[in-house]
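# A closer look at the structure
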Amino acid sequence: MIVVFIGPPGAGKGTQAARFARSLGVPHIASGDLLRAASAQNTPLGREAQTYMEAGHLVPDELTLTIVEQRLAQPDAAISAVLDGFPRTLQQARRLDEVLARDGWGQVDAAVYIEAPRTVVLERMNARRRADETAEVQAKRYDVYERDTAPLVAYYQERGVLATIDGVRAVETVTRDIAAALAARELPLTATTAMHE
Ligand code: AMP
């Protein structure tokens, strides 16, 4: 079972993806974490990724795909995974479909789109700004999201797997909504009662 989480930065996608993965006992694979780990390990790929991340740009697809595919090839991800922050471009989404088909995983079972307007997410990002970030970089991240990632909403809608969730509410409420939306889909693996921690 593959579930992907998409949404603007600051919409709460990481928190919700982690909760959902934990409730099902499946790996939570966040491309941002993988890229930051590569960068902390100072690998050649990590060093290259870091320059893009610092500027608020997307890391080039080839580099991101290499790192995410390595993670998906680990045995714990062989049956189910929750993907957070990946795919982030149409090319990545197409490539993910190819990899899933090639490896006999089928297809993306659900795409959870956590919706939140620009003003709300910029305010949230501003409140939790890290030392190495500026307001300009945060605004850039949002613009990049709109341009490169927002088209994924239509991509997954066309495939009939999109669940749109209003992210401008309490964390618990959003978590419950996601559980309910996915329970209705009859995914190969759902344990929605476990969502209420
Ligand atoms: P995140 O932790 O998801 O906010 O990601 C932090 C940064 O990592 C982003 O601003 C991008 O620079 C980079 N990144 C994460 N995931 C991807 C992806 N799927 N494609 C390209 N860049 C990514």
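Read on for a plain summary of the structure.

Reading the values: the criteria
- Residues numbered from 1 in each chain as written.
- Predicted model: local features only at pLDDT ≥ 70, side-chain atom pairs only at ≥ 80, totals over all residues.
- Heavy atoms only, no water.
- Helix = DSSP H or I, 4+ residues; strand = E, 2+ residues; numbered from the N terminus.
- Buried < 20%, exposed > 50% of the residue type's maximum accessible area, 1.4 Å probe, protein only.
- Pairing = 2+ DSSP bridges.
- Expected span 1.5 Å × (residues − 1).
- Arc of directions from axis to C-beta.
- Contact = heavy atoms within 4.5 Å.
- Salt bridge = Lys/Arg side-chain N within 4 Å of Asp/Glu carboxyl O.

## Brief notes about the environment of A154
Along the chain, the position of A154 falls in helix α8 (residues 151–158). In sequence terms A154 and R169 are 15 residues apart; their C-alpha atoms lie 23 Å from each other.

## Considerations on the pairing of strand β1 (residues 2–6)
Each regular strand displays side chains that alternate between the two surfaces of the sheet. Counting buried positions along β1 yields five of five residues, so the element is predominantly enclosed. Burial along β1 is two-sided: I2, V4 and I6 facing one way and V3 and F5 facing the other are all buried. Summarising the sheet, β1 and strand β3 (residues 81–84) pair through four bridges and their orientation is parallel. Counterpart to V4 in the pairing with β3 is L83. When β1 meets strand β4 (residues 110–115), the two strands line up parallel, connected through four bridges. Note that in β4 the partner of V4 across the bridge is A111.

## Let's talk about helix α7 (residues 135–149)
Taking 1.5 Å per residue, 15 residues should reach 21 Å; α7 reaches 20 Å between its end C-alpha atoms and fits that length. Within α7 the residues assigned to the buried category are V137, Q138, Y142, V144, Y145 and T149. On an axial view of α7, the arc spanned by its buried residues comes to 160 degrees, and they lie on one face. Exposed side of α7, more than 90 degrees from the buried face: E136 and R147 are the residues found there. Where α7 is buried, its residues meet α3 (44–55), β4, α6 (118–127) and α8.

## Focus: the pattern of salt bridges
Tallied over the entire structure, the rule returns 14 salt bridges. Measuring nitrogen to oxygen at the nearest pair gives 3.3 Å for the salt bridge that ties D143 to R118. Of this pair, D143 sits in helix α7 while R118 sits in helix α6, placing them 25 residues apart in sequence. R118 gets classed as partly exposed once you look at its relative accessible area, which sits at 37%. Among the salt bridges present, the one from R169 reaches D166, with a minimum N-O distance of 3.7 Å. Residue R169 is classed as partly exposed on the basis of its relative accessible area of 30%. Three or more residues are tied together by salt bridges with common partners; here these are E69, R95 and E98.

The values reported here are purely geometric and, on their own, carry no functional implication.
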